[in-house]
Amino acid sequence: MSPIAIAEHAMIIPGLLDWSALRDGVSAITNLPETMPVAMGGPVPLEFTQEDDAFWPSPMMPRALSLARAALQALPRDPDRSYGLVLGLPNLFSETAYMEHTLLHRANPKAMELASVFSYDFPMNFLAGVLKNCGPRVRVDSACATGNDALITAWQWLASGVVDDVVVVSASAMLNPVGLALFHNLKALNDKRDPQASCPFDIRRRGFVMGEGAAAVWMTNHPPQKPKGYLCGYGQSLNAEKFVDLPQDITPMVNACRSAMGNVKEVAYVSAHGTATQANDLKETQLHHQLFGKAAPFTPLSSIKSMIGHCLGASALIEAIVCLEALREQIAPPTINLHEPDPVCDLDYVPNQARPISGNFALSNAFAFGGQNASVLFSGEKP
Amino acid sequence: MIGISGYSAVFSREVPELSGLEHVEVTGQLESSRTYGPAARYACCAFEIMNPDVSDLGLVTLCGPSGSTVSAFDKSWELSSDGTLTGKGFAEKRHKRIHPFTLVQALQNQIPAALSMKYKITGPCLNLLDSATALAHALPNIHMMLERCGQVLLVMASAGGREEETAKLQALQPNDPVLEGAICLLLNGQGSMGSLEPGTGDQAPSCSAAAPVLSGGLGILSAMAGNTSRLITLNDFFGHHASIYWRNN
């Protein structure tokens, strides 16, 4: 598989942290208002209002779309080029204001016109307008694996030559009463009021902490300068077992990772899905052993969700940027809040402090509700 | 080359343009099951008509509204005294809280998930949302998946006739009856029935039905029914358009 250059990237993540903060183990997990179903979350401290923008089409603009646009506007790019757009944006039903509005006003055509910004292809075509010079465009949704599937979609466009430049944008904004209740009632969230509630691979873990955010990446066949890195492998699979839980048989997850790695046998760093649910962290540990065998204990993996929570549909694209920065600086970001390792989680999760790494490849994994797996392999230098 | 070697479809009502075509059935409007929304159920019905070999099968799904979002939430709310519904899971009374399966019912990737779980599909999957042009822009992705898998099942499924979509669009698209259903196309490198190519130029949509993600599949099936090759123009609801070319064998 020929590597494709990643020219630029940008991210808008909880606490407005950047790579250096993640490298330094800074936490963006904070108390949520009392009106929320759980105590802790990873919010992005940005408010968006209609007054900010003359092009704002509706007072009901989805927050996920505002975050996506902010990431897109922060992404350096060449205005003279034409871009394809791959939008990684799962269904927006969970935005509380929208769902309340729909339930209360569904019989009122005038009132419901405001909510048409949640409809069909509006989010994708709105962002295409922000991007300008936009050619082909699609919207990808594989829940928590969305970011990786969006990168794979872009790689395929570029490798087939239908476009020479693609912008990938991914966003999530479920940090609201309805979004939190949906996951809390599934018992997927940690509901303790504890700044260390997001603790992947720790024996105290009891679910994930919700984050929100967006990321954008410019991929190109013609990088204008030294690129940030390369996407050089991918694998996708379906578990065919359970919707919410990870499967008993992890063969499809292994297949996705092996497909991404191709002929590469050793990686310098693995960005774990690392949600801090009981099942995920155990299965991911088993997966790591199966993938790397005797080298598993010496192949570092970490979860930045310990610092920013689980940004759901945006998480994989954020983690892609983290992999590129980790390769560039040859430093693995830490898994913070890992003070009492679970005995069944027996790997090197880079606990609490960043660590030097050595090598040209990083693997990033995402395993989604619905049983969709997507793994991608990055390199710092062209392999 | 992206060839088509099999097809099947189910719809909520008759589609006159497809009359006489085999493997096309009318199911009426399907309701949600305990776990899945109507769009996933249409997809499963269409899959069962075709019943393809799933070994080494790649899956590309183009998903419209699941059809179950508003009805799933409807079980969990009541109007609060201040006129809003916000609270710890609507209304804050335990029996009215949002049911755990509401999330599953509302996620649009439930369509590939349902197909995978029910029919044991473990190959690669790409799930695209809610636009007519997705089929045209997914051709390179389908082509690359074919190189890895040998055959790809393309499934288009939508249940856009329910309140979650019609309520939003009633001012923009009044009195336009929305066709629901699912279309399966079995794709490979040969294509005994015909092949798909990128289109150039525009032509009026060839099959009238306000169901964005179904429109490309409807265009292909109606060309098959007419035994003709055809340029099929795909129009997004909010402005963008693209086209594909169906070459009939």
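None of the values given here were measured: they were computed from a predicted structure.

S.K.: With reference to specific residues and values, describe the overall build of chain B.
M.R.: When you go through chain B residue by residue, the secondary structure sums to 8 helices and 9 strands. Within chain B, buried positions represent 61% of all 249 residues.

S.K.: Before we move on, could you go through the pattern of salt bridges and cite the residues and values that matter?
M.R.: On inspection of all chains with the given rule, the structure shows 24 salt bridges over all chains. Between A:D165 and A:R81 there is a salt bridge, with its nearest N and O atoms 2.9 Å apart. Of this pair, A:D165 sits in strand β6 (residues 165–172) while A:R81 sits in the loop between α2 (63–74) and β4 (83–88), and the two are 84 residues apart along the sequence. Judged by relative accessible area, A:D165 falls into the buried class, the value being 5%. Accessibility expressed as a relative area gives 16% for A:R81, which makes it buried. Ionic pairing is found between B:K118 and B:E48, a salt bridge with its closest N-O pair at 3.7 Å. One end of the pair, B:K118, is in helix α4 (residues 110–119); the other, B:E48, is in helix α1 (residues 38–50), with 70 residues separating them in the sequence. Residue class for B:K118 comes out exposed when judged on its relative accessible area of 51%.

S.K.: Break down the interface of chain A and chain B for me, with residues and values.
M.R.: Between chain A and chain B, the residue contacts involve 71 residues of the former and 67 residues of the latter. Taking both partners together, chain A and chain B bury about 5800 Å²; carbon and sulfur atoms supply 65% of that area. Sorting the residues of chain A by area buried against chain B places A:R106, A:Y120 and A:F243 first, and these three jointly supply 15% of that buried surface. Where chain A touches chain B, the interface holds 2 salt bridges. Where A:R106 meets B:D74, a salt bridge forms, and the shortest distance between an N and an O atom there is 2.7 Å. On inspection of chain A and its partner chain B, the count reaches 25 residue pairs in polar contact (both at pLDDT 80 or more). Secondary-structure elements contributing two or more residues to the side of chain A that touches chain B are α3 (96–105), α4 (109–113), α5 (122–131), β5 (134–140), α6 (146–160), α7 (177–184), β8 (229–238) and α8 (251–261) of chain A. Taken together, the residues of the side of chain A that touches chain B break down into 39 nonpolar, 21 polar and 11 charged.

S.K.: Provide a residue-level description of the side chain of B:S68, including the pertinent values.
M.R.: Residues and elements named next belong to chain B. Among the secondary structure elements, S68 is positioned in the loop between β3 (57–63) and α2 (69–74). The class for S68 is buried, based on a relative accessible area of 0%. At 2.6 Å, the side chain of S68 forms a polar contact with the backbone oxygen of Q105. If we skip the residues at most four places from it in the chain, S68 touches S32, G37, P38, Q105, Q110 and E164.

S.K.: An account of the domain arrangement of chain A is needed here, citing residue identities and associated values.
M.R.: All names here are of chain A. The assigned domain composition of chain A is domain 1 (4–220) and domain 2 (231–379). Computed from C-alpha coordinates alone, the two centres of domain 1 and domain 2 are separated by 21 Å. Among the residues domain 1 hides against domain 2, the three largest losses belong to W19, F201 and R205. Together they make up 19% of the total. Across the pair E329 and R23 runs a salt bridge whose closest N-O atoms are separated by 2.8 Å. One can count 25 residue pairs in polar contact (both at pLDDT 80 or more) joining domain 1 with domain 2. Listing elements by their share of the side of domain 1 that touches domain 2, those giving two or more residues are β1 (4–12), α1 (19–23), α6, β6 and β7 (213–220). For the side of domain 1 that touches domain 2, the leading source of residues is α6, giving 8 residues. A class-by-class count of the residues in the side of domain 1 that touches domain 2 yields 39 nonpolar, 17 polar and 8 charged.

S.K.: Account for α1(B), with residues named and values stated.
M.R.: All names here are of chain B. Over its 13 residues, α1 extends 19 Å from the first C-alpha to the last, a length consistent with the 18 Å expected when each residue adds 1.5 Å. What α1 keeps buried is the set P38, A39, A40, Y42, A43, C44, A46, F47 and M50. Contacts made by the buried residues of α1 are with β1 (2–11), α4, β5 (151–158) and β6 (181–188). With its phi angle positive at about 50 degrees, N51 sits one or two positions after the end of α1.

S.K.: Can you explain the domain arrangement of chain B? Please cite residues and give values.
M.R.: All names here are of chain B. In terms of domains, chain B is made up of domain 1 (2–66 + 112–248) and domain 2 (69–106). Contact with domain 1, which involves 9 residues of that partner, is made by 8 residues of domain 2. Overall, the association of domain 1 and domain 2 removes approximately 650 Å² of surface from exposure, summing both partners, and the carbon and sulfur fraction of that is 43%. When the area that domain 1 buries against domain 2 is broken down by residue, the three leading residues are R34, T35 and E164, summing to 56%.

S.K.: Outline the packing of aromatic side chains, supporting the account with residue identities and numerical values.
M.R.: Counting across every chain of the model gives 12 aromatic pairs over all chains. Between A:F243 and B:Y36, the aromatic rings sit 6.4 Å apart at their centres with planes inclined by 55 degrees, giving tilted as the arrangement. Here the residue A:F243 occupies a position in the loop between β8 and α8, and B:Y36 occupies one in the loop between β2 (24–26) and α1, the pair thus bridging two chains. Given a relative accessible area of 7%, A:F243 falls into the buried group. Classification of B:Y36 by relative accessible area gives buried; the value is 16%. The rings of A:F122, A:F126, B:F237 and B:F238 are connected pair by pair, giving a single aromatic cluster. The cationic tip of B:R148 hangs over the ring face of A:Y234; the distance from NZ or CZ to the ring centre is 3.9 Å.

S.K.: How would you summarise the side chain of A:N190 if you had to cite specific residues and measurements?
M.R.: All names here are of chain A. Topologically, N190 is positioned in the loop between α7 and β7. Residue class for N190 comes out buried when judged on its relative accessible area of 3%. In this structure the side chain of N190 is engaged in a polar contact, spanning 3.0 Å, whose partner is the backbone oxygen of A197. Once you skip the residues sitting within four places of it in the chain, N190 turns out to touch V38, A197, R206, G207, F208 and V209.

Thresholds, definitions, all that
- Residues numbered from 1 in each chain as written.
- Chains lettered and ligands numbered in written order.
- Predicted model: local features only at pLDDT ≥ 70, side-chain atom pairs only at ≥ 80, totals over all residues.
- Heavy atoms only, no water.
- Helix = DSSP H or I, 4+ residues; strand = E, 2+ residues; numbered from the N terminus.
- Buried < 20%, exposed > 50% of the residue type's maximum accessible area, 1.4 Å probe, protein only.
- Salt bridge = Lys/Arg side-chain N within 4 Å of Asp/Glu carboxyl O.
- Contact = heavy atoms within 4.5 Å.
- Buried area = accessible area lost by both parts, 1.4 Å probe.
- Polar contact = N/O pair within 3.5 Å; in protein donor to acceptor, adjacent residues only side chain to side chain.
- Nonpolar A, V, L, I, M, F, W, Y, C, P; charged D, E, K, R; others polar.
- Domains from an automatic or database assignment.
- Expected span 1.5 Å × (residues − 1).
- Phe/Tyr/Trp six-rings, centres within 6.5 Å; stacked < 30°, edge-to-face > 60°.
- Lys NZ or Arg CZ within 6 Å of the ring centre and 35° of its normal.

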